[in-house]
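Single-letter residue listing:
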Amino acid sequence: MKDILEQLEDRRSQARLGGGQSRIDAQHARGKLTARERIDLLLDEGSFEEFDMFVTHRCTDFGMESQKPAGDGVVTGWGTINGRLVYLFSQDFTVFGGSLSETHAQKICKIQDMAIQNGAPVIGINDSGGARIQEGVASLAGYAEVFQRNIEASGVIPQISVIMGPCAGGAVYSPAMTDFIFMVKDTSYMFVTGPDVVKTVTNEQVTAEELGGASTHTRKSSVADAAFENDVEALAEVRRLVDFLPANNREKPPVRPFFDTPDRIEPSLDTLVPANANTPYDMKELIHKLADEGDFYEIQENYAKNILTGFIRIEGRTVGVVANQPMVLAGCLDIDSSRKAARFVRFCDAFEIPILTLVDVPGFLPGTSQEYGGVIKHGAKLLFAYGEATVPMVTVITRKAYGGAYDVMASKHLRSDFNYAWPTAEIAVMGAKGATEIIHRADLNDPEKIASHAADYEARFANPFVAAERGFIDEVIQPRTTRKRIARAFASLRNKKAVMPWKKHNNIPL
């Protein structure tokens, strides 16, 4: 018996070494952790339970039968993050460059199936050279099996991808279908076709970092939600994100202890909005002052900065925030911001996370590039996302809410539950200047009359009371009481039940 136990421990030790010490050293030299080191950092200490440690590939071509390392390039299993169950896989770049084989894919699929079956998030740590060429179509079939499970898990359990090395070709489509993608600066990249192929086909000279690095995907393409300095920081932020999320679509988000009174008054908010309607202010200041302990977990911080998305807690409970940012493009909606916010709203709705919308929007961004780019359809995505949401929704209009953008930003007409406005709110079809030039175009050559008409328009419409008189605004509130009002509103909505008409699925304007 002792010999058998020693043999078991020897095999385990060999499996834990992956591709061997020299390759582990090479991984460290690149500034990257190994697959197992990443798991140890991500999960609670001592909580990891590994599956399929001794699985090996079945390929016998190209001399592969003589190289059969245990684990086959991916470490899979389950553990806990702050005591809550998660499933995960971590690709091991020290074994065949983390390339995906048939059995490698089967290990991942087993974890995905168990996560769906048991209603727990699944986290994928990607560090792979792509499909294992020696296996040909079998590895491609493996990718497709993983993709299918990503699709089945979508909206059922949270799926998080962490890109910690190369992720190229077909491999990118699994992360692309997950809910959140994190990257590491300088050591991770994603692209469908690499720099060499790009050069051959289009004659463009581009580096891997320029083509698919963390900066590219967080600032330009919106593929990734955030980028971090190193593996350690990225994994710490994944732990923090998981703390905001429910385990699955049938459970509420976790309730955490809080040390911030729900009826806290913030006198500084009374002067947040400048007297001049064209002067910007930072909407993040409002978000931080509404959140428990001022904690705001921002999603896609570096993309479409004219809109803010992320998570806060109110009375220890997760709330999704969507807010126009007057500091960027005056808070206008455009193609990028509409897509960014629509996806976030749909995620919150899928996982029963209440939504707080903070509105200061002068309209949609004008211009040929927006119209040619399809701003109509992209703007409709955000409209559609809010209109189909059945979670509790609270809206606060701080300043401008003009035109169609007023409708789109969780207006009462899209079934938002509580719609508040600050006294500084201006709810109208458009600004006074533009409206006056249309209504009184006959007086365009008389500056005094135009100024008088504009002042009259402002007096009549540049306030929240016309909308309040019609019941489109539930209450005009003092800015300093905003946290108290939204906390009470969400508390009253905890048992909300709203049902959409039966359908197989909708046809959102993609």
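To start, this report covers the structure provided alongside it. (Residues numbered from 1 in each chain as written. Predicted model: local features only at pLDDT ≥ 70, side-chain atom pairs only at ≥ 80, totals over all residues. Heavy atoms only, no water.)

### Focus on empty space enclosed by the protein
Test applied: Grid spacing is 1 Å over the protein atoms alone, the probe is 1.4 Å, and a cavity is where that probe fits but cannot get out, while a pocket is an open set with protein on both sides within 12 Å along at least five of seven lines and lining residues have an atom within 4 Å of a point. Grid points are joined across faces, edges and corners, and a volume is the space filled by probe spheres set on the points. Each helix corresponds to a stretch of at least 4 residues labelled H or I by DSSP, and each strand to a stretch of at least 2 residues labelled E; elements are numbered beginning at the N terminus. Polarity classes work like this: nonpolar for Ala, Val, Leu, Ile, Met, Phe, Trp, Tyr, Cys and Pro, charged for Asp, Glu, Lys and Arg, and polar for all others, with Gly in that last group.
Overall, the coordinates contain three cavities of 30 Å³ or more when judged by the stated rule. As a volume, the largest cavity reaches approximately 180 Å³. Taken together, 21 residues make up the lining of the largest cavity; nearest its centre are Phe-89, Ile-108, Asn-126, Val-146 and Ser-174. Where the lining of the largest cavity is concerned, the elements lending two or more residues are β3 (84-91), α4 (102-118), β4 (122-126), α5 (137-153), β5 (159-163) and β6 (166-168). Of all the elements, β4 adds the most residues to the lining of the largest cavity, at four residues. Grouping the amino acids of the lining of the largest cavity by side-chain chemistry returns 11 nonpolar, 10 polar and no charged. The computed volume of the second largest cavity comes to approximately 60 Å³. Forming the walls of the second largest cavity are 14 residues, and the residues nearest its centre are Ala-15, Ala-70, Gly-71, Val-75 and Asp-92. Per-class residue counts for the lining of the second largest cavity are six nonpolar, three polar and five charged.

### With respect to the sheet that holds β5
Test applied: Note on pairing: DSSP must find at least two bridges between two strands before they are called paired. Throughout, an axis means a line fitted to C-alpha atoms (over the contacting stretch in the case of helices), and angles, computed between N-to-C directions, take values from 0 to 180 degrees.
Across the sheet, which stays open at both edges, the seven strands sit in the order β1-β2-β3-β4-β5-β7-β9 with mixed pairing between neighbours. Each edge of the open sheet is held by one strand with a lone partner, namely β1 (49-51) and β9 (226-228). Across the sheet, the axes of successive neighbouring strands diverge by a mean angle of 20 degrees, strand direction being ignored. Of the strand pairs in this sheet, β5 and strand β7 (residues 180-184) are connected by four bridges, and their pairing is parallel. Bridging across to β7, Val-162 finds its partner in Phe-182.

### Quick word on the pattern of salt bridges
For side chains of opposite charge, pairing can occur when their charged atoms come near one another. Note the threshold: Whenever Lys or Arg places a side-chain nitrogen within 4 Å of a carboxyl oxygen from Asp or Glu, that contact is recorded as a salt bridge. Remark: exposure states derive from per-residue accessible area (1.4 Å probe, protein chains only) relative to the maximum for the residue type, with buried under 20%, exposed over 50%, and partly exposed in between.
Considering all chains together, one arrives at 30 salt bridges under this definition. Residue Lys-252 is joined to Glu-352 by a salt bridge in which the shortest nitrogen-to-oxygen separation is 4.0 Å. Of the two residues, Lys-252 is situated in the loop between α10 (231-242) and α11 (283-290) and Glu-352 in the loop between α12 (335-350) and β13 (355-361); the sequence distance between them amounts to 100 residues. The exposure class of Glu-352 is partly exposed, given its relative accessible area of 27%. The network of salt bridges with common partners includes Asp-260, Arg-264, Glu-266, Asp-292 and Arg-483.

### Looking at the nonpolar core
Where a protein is soluble and globular, its nonpolar side chains tend to be buried together. Applied cut-off: To form a nonpolar core, buried Ala, Val, Leu, Ile, Met, Phe, Trp, Tyr and Cys residues must be joined to one another through side-chain atoms within 4.5 Å. The criterion used for residue contact is that any of the two residues' heavy atoms lie within 4.5 Å.
Core analysis: the biggest nonpolar cluster contains 62 residues, and Ile-123 and Phe-311 have the highest contact counts within it. The greatest single-element share of this core, amounting to six residues, is contributed by α12. Beyond its immediate sequence surroundings of up to four residues, Ile-123 is in contact with Leu-42, Ile-81, Val-86, Tyr-87, Leu-88, Phe-89, Ile-160, Val-162, Val-238 and Val-242. Listed in part, the 28 residues of the second largest apolar core include Leu-286, Ile-287, Ala-489 and Leu-493.

### As for a nonpolar patch on the surface
What counts, and what does not: Patch membership requires more than 30% relative accessible area and the absence of a salt bridge. Residues of like charge join within 9 Å; the nonpolar side chains Val, Leu, Ile, Met, Phe, Trp and Tyr join within 5 Å. Areas reported as accessible are Shrake-Rupley estimates using a 1.4 Å probe. Residue values count occlusion only from the protein chains shown.
Together, Met-1, Leu-5, Leu-8 and Phe-54 make up a nonpolar patch on the protein surface, roughly 410 Å² of accessible area in all. Mapped onto the secondary structure, Leu-8 falls in helix α1 (residues 2-16). Overall, Leu-8 belongs to the partly exposed group, its relative accessible area being 32%.

### Description of the environment of Arg-239
Going by this rule: Contacts described as polar in this section are N or O atom pairs within 3.5 Å, which, within protein, must combine one atom able to donate a hydrogen with one able to accept it, while residues neighboring in sequence count only if both atoms come from side chains.
Here Arg-239 is to be found in helix α10. Since its relative accessible area comes to 18%, Arg-239 is described here as buried. Through-space distance from the C-alpha of Arg-239 to that of Asn-82 is 8.0 Å; in sequence the pair is 157 residues apart. Not counting chain neighbours up to four residues away, the residues in contact with Arg-239 comprise Leu-41, Leu-42, Leu-43, Asp-44, Ile-81 and Asn-82. In terms of polar contacts, Arg-239 uses its side chain to reach the side chain of Asn-82, at 3.0 Å.

### Some points on the packing of aromatic side chains
Going by this rule: Stacked, tilted and edge-to-face pairs are distinguished by plane angle, under 30 degrees for stacked and over 60 for edge-to-face with tilted covering the rest, among Phe, Tyr and Trp rings (Trp via its six-membered ring) whose centres lie within 6.5 Å.
Taken as a whole and assessed by the stated rule, the structure comprises 11 aromatic pairs. Where Tyr-143 meets Phe-147, the ring centres are 6.0 Å apart and the plane angle is 15 degrees; that geometry is what we call stacked. Taken together, the residues span about one helical turn, with Tyr-143 and Phe-147 both in helix α5 at a distance of four residues. A relative accessible area of 8% places Tyr-143 in the buried class.

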